[in-house]
Amino acid sequence: MTSCTCGVYVDDTGPGIAAENLGRLFDSFFTTKDHGMGLGLAICRSILDAHGGEIRLDHAPMGWSTRFLVSLPRASRMT
């Protein structure tokens, strides 16, 4: 994250992400859930991309299984 962005971490305590799935997390229609559609992270990335932001998997702190960093550029001030 650079100085001209605002970011938020999203942590969860679920089962985590298997190593073999890491490269496909943001692929449309990729899911490991029985009733999942596999669109959630792909849609998040698409929306953030459209606004100059990003979402990425980050290193989770001890006690958490997964952490994502969501960042967007700061709006310029209108004077």
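Residues numbered from 1 in each chain as written. Predicted model: local features only at pLDDT ≥ 70, side-chain atom pairs only at ≥ 80, totals over all residues. Heavy atoms only, no water.

A. Main features of unusual backbone geometry. Backbone geometry places Phe 29, a non-glycine residue, at a positive phi of 70°. Relative to the helices and strands, Phe 29 is located in the loop between strand E1 (5-12) and helix H1 (40-50). Residue class for Phe 29 comes out exposed when judged on its relative accessible area of 61%. (Helix = DSSP H or I, 4+ residues; strand = E, 2+ residues; numbered from the N terminus. Buried < 20%, exposed > 50% of the residue type's maximum accessible area, 1.4 Å probe, protein only.)

B. Spotlight on the pattern of salt bridges. If you walk through the whole model with that rule in mind, you get two salt bridges. Between Arg 67 and Asp 11 there is a salt bridge, and its shortest N-O distance comes to 2.7 Å. On the criterion of sequence distance, the pair formed by Arg 67 in strand E3 (residues 66-73) and Asp 11 in strand E1 is long-range, its members being 56 residues apart. For Arg 67, a relative accessible area of 17% gives the class buried. For Arg 24, the salt bridge goes to Asp 27, with nearest N and O atoms at 3.4 Å. (Salt bridge = Lys/Arg side-chain N within 4 Å of Asp/Glu carboxyl O.)

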